[in-house]
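Notes for the structure review
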Amino acid sequence: TVDVQGTSVATFDESNLYGDFKVTTSGMSDYANTIDATWKNVANSYSDDIVRIPSDISQDDVIAGDGQIITVARDYTWSYDKDAVAAMVNVDLLKLKYSQNQISFSTYDGWDLKVWDIVTVNFQENGMVNKLYRVLSKDILTTQDSIGLVQLTCVEYHNEIYQGVDPGVWSVDGSISTVVNV
């Protein structure tokens, strides 16, 4: 298993950021507060069933704050494990809640970083004070005026993303074996 939670391995601020610092926020087209995930239900003759998370939309703080249900569909039909699907959907939903922006910047101090490392960013001009980001990509810059720099693209990160335990609303298992006559 992979330890998905962790601590920051580097800090970036005005002393080690060079060139453009881009912030891309997610728009409403990328946002949802409910996930309907399709998965293969072995107990239902391998049918494609749907699980909805959060399981109690009337008590969910994010839905209450949004004032509406905004659903996104996800395809997990490659999975046959109910517990694994629930865990993955919980992570997906919490990413939608917590990971609201991506940043991109150049630095000389990113050579030792790996994709998936967590870094701290302090850039008060953009309202970032001790904000955590996970490295999504690292590109080595090769133009003459940028030799020695690496370009990092990172997504906003919170440890809470991996702490979801919502059980979800599942389809009923089984089938009707006899015809019901009325």
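Read on for an overview of the structure. (Residues numbered from 1 in each chain as written. Predicted model: local features only at pLDDT ≥ 70, side-chain atom pairs only at ≥ 80, totals over all residues. Heavy atoms only, no water.)

Turning to a nonpolar patch on the surface, a few remarks are in order. There is a patch of nonpolar side chains on the surface, built from V42, Y46 and Y80 and spanning about 320 Å² of accessible area. Position of V42 relative to the elements: it lies in the loop between β3 (34–41) and β4 (47–53). (Patch = residues over 30% accessible without salt bridge, like charges linked within 9 Å, V, L, I, M, F, W, Y side chains within 5 Å. Areas by Shrake-Rupley, 256 points an atom, 1.4 Å probe, with all protein chains shown as cover. Salt bridge = Lys/Arg side-chain N within 4 Å of Asp/Glu carboxyl O. Helix = DSSP H or I, 4+ residues; strand = E, 2+ residues; numbered from the N terminus.)

This part is about the sheet that holds strand β9 (residues 150–156). Backbone-to-backbone hydrogen bonds pair the strands of a sheet. The strands run either parallel or antiparallel. Spatial strand order, β1-β7-β8-β9-β6-β2: 6 strands in an open sheet with mixed pairing. Among the strands making up the open sheet, the edge pair consists of β1 (10–12) and β2 (18–25). Each neighbouring strand pair of the sheet contributes to a mean axis angle of 30 degrees, computed without reference to strand direction. Bridge count for strand β8 (residues 128–140) against β9 is 7 bridges, and the pairing is antiparallel. Within β9, the residue paired with K138 across the bridge is L152. (Pairing = 2+ DSSP bridges. Axes fitted to C-alpha atoms, helices over the stretch in contact; angles between N-to-C directions.)

Here A87 is to be found in helix α2 (residues 82–98). Separated by 80 residues in the primary sequence, A87 and P167 place their C-alpha atoms 8.7 Å from one another.

None of the figures reported here should be taken as evidence of function without further support.
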